[in-house]
Amino acid sequence: MNVEQKLSIDKFVVDEGNPHIILHLEKLDEETRKALTVVCPAGLYTLDENGTMAFEVAGCLECGTCRVATAHLPGALEWNHPRASFGVDFRYG
Ligand code: SF4
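In this text, all values refer to a predicted model and were calculated from it rather than measured experimentally.

Analysis parameters
- Residues numbered from 1 in each chain as written.
- Predicted model: local features only at pLDDT ≥ 70, side-chain atom pairs only at ≥ 80, totals over all residues.
- Heavy atoms only, no water.
- Near = heavy atom within 4 Å.
- Nonpolar A, V, L, I, M, F, W, Y, C, P; charged D, E, K, R; others polar.
- Phe/Tyr/Trp six-rings, centres within 6.5 Å; stacked < 30°, edge-to-face > 60°.
- Helix = DSSP H or I, 4+ residues; strand = E, 2+ residues; numbered from the N terminus.
- Buried < 20%, exposed > 50% of the residue type's maximum accessible area, 1.4 Å probe, protein only.
- Salt bridge = Lys/Arg side-chain N within 4 Å of Asp/Glu carboxyl O.
- Contact = heavy atoms within 4.5 Å.

Student: Any details on the site of the ligand? Residues and values, ideally.
Tutor: If you check the shell around the ligand, you find 14 residues, and the closest are Cys-40, Cys-60, Cys-63, Gly-64 and Cys-66. Here the residues of the shell around the ligand sort into 11 nonpolar, two polar and one charged.

Written out as structure tokens, the structure reads:
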């Protein structure tokens, strides 16, 4: 079983209209944008051919890696745990 297959087992309950991660793109430098596309294990940060970043909070594994990757840019990313009953439900097997 590969990583994508394992991730597809997990269940996500998205808190529509109340994302637990808010990204302030204008505060991100180019290097950090590129880093986010690499470090997020769920691949939720993407850059198109023009360098425009997109982020999708649905599918977040709540690992906090993006929080660490943007720690040097205060205010670039707001990260909170999802409200109770929302977020990822890890499933094994
Ligand atoms: S918390 Fe982890 S999975 Fe979620 S967006 Fe950040 S790096 Fe990706």
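Student: Can you explain the packing of aromatic side chains? Please cite residues and give values.
Tutor: For the coordinates displayed, the defined rule picks out one aromatic pair. Each ring, one from Tyr-45 and one from Phe-55, has its centre 4.4 Å from the other, and the planes form 25 degrees; the classification is stacked. Taken together, the residues Tyr-45 in strand β3 (residues 45–47) and Phe-55 in strand β4 (residues 53–55) connect sequence positions 10 residues apart. On the basis of relative accessible area, Phe-55 is assigned to the partly exposed category, the value being 24%.

Student: Explain unusual backbone geometry residue by residue, including any values.
Tutor: Although it is not a glycine, Glu-62 adopts a positive phi angle of roughly 60 degrees. By secondary structure assignment, the location of Glu-62 is in the loop between β4 and α3 (65–69). Located in the positive-phi region is Ser-85, a residue other than glycine, with phi close to 80 degrees. Residue position: Ser-85 is located in the loop between β5 (77–79) and β6 (87–89). Assessed through its relative accessible area of 64%, Ser-85 is described here as exposed.

Student: Break down the pattern of salt bridges for me, citing the residues and quoting the values.
Tutor: The full count for this structure, using the stated rule, is two salt bridges. Between Lys-34 and Glu-30 there is a salt bridge, with its nearest N and O atoms 3.3 Å apart. Of the two residues, Lys-34 and Glu-30 are both situated in helix α2 (residues 30–39); the distance of four residues between them amounts to about one turn of the helix.

Student: An account of the side chain of His-20 is requested, with residue identities and associated values reported.
Tutor: Tracing the chain through its elements places His-20 in the loop between β1 (11–13) and β2 (21–23). Overall, His-20 belongs to the buried group, its relative accessible area being 12%. Non-local contacts of His-20, meaning those with residues more than four positions away in its chain, are made with Val-57, Cys-60, Glu-62, Glu-78, Trp-79, Asn-80, His-81 and Pro-82.

Spatial relationships are all this shows, so hold off on functional conclusions.
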